[in-house]
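# Observations on the three-dimensional arrangement
One letter stands for each residue in the lines below.
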Amino acid sequence: MNYRHHFHAGNFADVFKHVVLGRLIAYLQKKEKGFLYLDTHAGRGRYDLERAEKGDSRARVAEWPAGIGRLLTQVDPPPGVSAYLDLVRRCDRRSGNLGANVRFYPGSPWLAKEGMRPQDRMVLCELHPAEHAALAAELGRTPRVSVRDVNGYHAIRALLPCPEKRALVLIDPPFEDANEWASILAGLSDAMQRMPSCTVAIWYPLTQRARVDSFFAELQGSDLPATWVAELSVAGPGSTLSLRGCGIVVVNPPWQLDLEVSQLAAWLAPVLAQEVGASGELIWLVRET
Ligand SMILES: C[S@@+](CC[C@H](N)C(=O)[O-])C[C@H]1O[C@@H](n2cnc3c(N)ncnc32)[C@H](O)[C@@H]1O
């Protein structure tokens, strides 16, 4: 496990994932009944962007200026983006930054925790010892939050179905090895068998179009309930960028969230573009019946 999210925190892919996560939580909370938020690959919960450039011995180009850095300068963003930016600024201030530029960036656990109601509950899984320790220090004493050093895919089997009878599962793995796609499909299958009504969001990198398309085909052959995918490309198909986009598959999406997310993806694409050919779109993989 060499992956450290620090170097990527606040990049365009984090921005896209976290905006969609915020909308998922907001839409699920349109119903009074509480739910379980299960973050299978939680990370450390909060990131110091100053460390993003020098967290290890290698010199790195910081990724956040082309992500959250660009968003913070936008005038009049759509409400779904404003809500996310408010949380980013809140995290930064609470972390003690008084400067004009954002320094501390919230990860998915921090963002989800801010939205939790008394009837909601969170389980956060992180296997890397240092990341787990940081996450436990950050959120381990928060009421209704459980931080665990377990394999997130195993947690799906251990925790679903949950007593709340409603769940949002975020699967956001590091894609360090080629087996990750198969692990995601197995995890999703476990979730659907154990709790067919749960909402599952899966983040994936757009590095090879063909690999992503075969993932879509595998999903479409999996007898899934309603499923869409929102994808953001920061460059066109011929780009040589190592990461030219990313996407989020949502199984059992909340009603009408597709309309807002497709607008947000289209709005974010030109803001986060790195080359010509940037785009944002939403495609239904399995239509609602
Ligand atoms: C992409 S990062 C998570 C970022 C986080 N979800 C966010 O949006 O802020 C992936 C994390 O998963 C952890 N990880 C890798 N394999 C894991 C596994 N099988 N179970 C739990 N955590 C894992 C890595 O250590 C890394 O911190």
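We now turn to the structure provided with this report.

## Comments concerning the sheet that holds strand 10 (residues 279–286)
With mixed pairing, 8 strands are arranged side by side in an open sheet as 5-4-1-6-7-9-8-10. Pairing within the sheet leaves two strands with one partner each, and these edge strands are strand 5 (145–148) and strand 10. Averaged over neighbouring strand pairs, the angle between their axes works out to 15 degrees when direction is ignored. Pairing geometry for strand 1 (residues 36–39) and strand 4 (residues 121–125), over 4 bridges, is parallel. When the bridges of strand 4 are listed, leucine 36 appears paired with arginine 121. Against the sheet, helix 1 (residues 12–28) touches strand 6 (167–171), strand 7 (199–205), strand 8 (227–233) and strand 9 (245–251), its axis set at about 175 degrees to strand 7.

## Description of the pairing of strand 4
In terms of burial, strand 4 is a largely internal element, 5 of the 5 residues being buried. Burial of the side chains of strand 4 extends over both faces: Arg121, Val123 and Cys125 are buried on one face and Met122 and Leu124 on the other. For the handedness criterion, the β-α-β arrangement of strand 4, helix 5 (residues 129–139) and strand 5 is classed as right-handed.

## What to know about the site of the ligand
Surveying the vicinity of the ligand reveals 21 residues, the closest of which are His41, Gly43, Gly107, Ser108 and His128. Partitioned by chemical class, the residues of the shell around the ligand number 8 nonpolar, 8 polar and 5 charged.

## Considering the packing of helix 1 against helix 9 (residues 257–272)
Remark: helix 1 packs on helix 9, axes separated minimally by 11 Å, with the N-to-C direction vectors making an angle of 160 degrees. Considering the angle they form, helix 1 stands roughly antiparallel to helix 9. As helix 1 packs across helix 9, the resulting crossing turns out to be right-handed. Residues Phe12, Val15, Phe16, Val19, Val20, Arg23, Leu24 and Tyr27 of helix 1 form the contact with helix 9, whose own contacting residues are Leu257, Glu260, Val261, Leu264, Leu268 and Leu272. Split into classes, the residues belonging to the contact of helix 1 with helix 9 amount to 12 nonpolar, no polar and 2 charged.

Parameters and conventions
- Residues numbered from 1 in each chain as written.
- Predicted model: local features only at pLDDT ≥ 70, side-chain atom pairs only at ≥ 80, totals over all residues.
- Pairing = 2+ DSSP bridges.
- Helix = DSSP H or I, 4+ residues; strand = E, 2+ residues; numbered from the N terminus.
- Axes fitted to C-alpha atoms, helices over the stretch in contact; angles between N-to-C directions.
- Contact = placed C-beta atoms within 7 Å.
- Buried ≥ 20, exposed ≤ 12 C-beta atoms within 10 Å, placed from the backbone.
- Right-handed = clockwise from strand over helix to strand, strands pointing away.
- Near = placed C-beta within 6 Å.
- Nonpolar A, V, L, I, M, F, W, Y, C, P; charged D, E, K, R; others polar.
- Parallel < 35°, antiparallel > 145°, perpendicular 65-115°, else oblique.
- Left-handed = near helix turned anticlockwise from the far one by under 90°.

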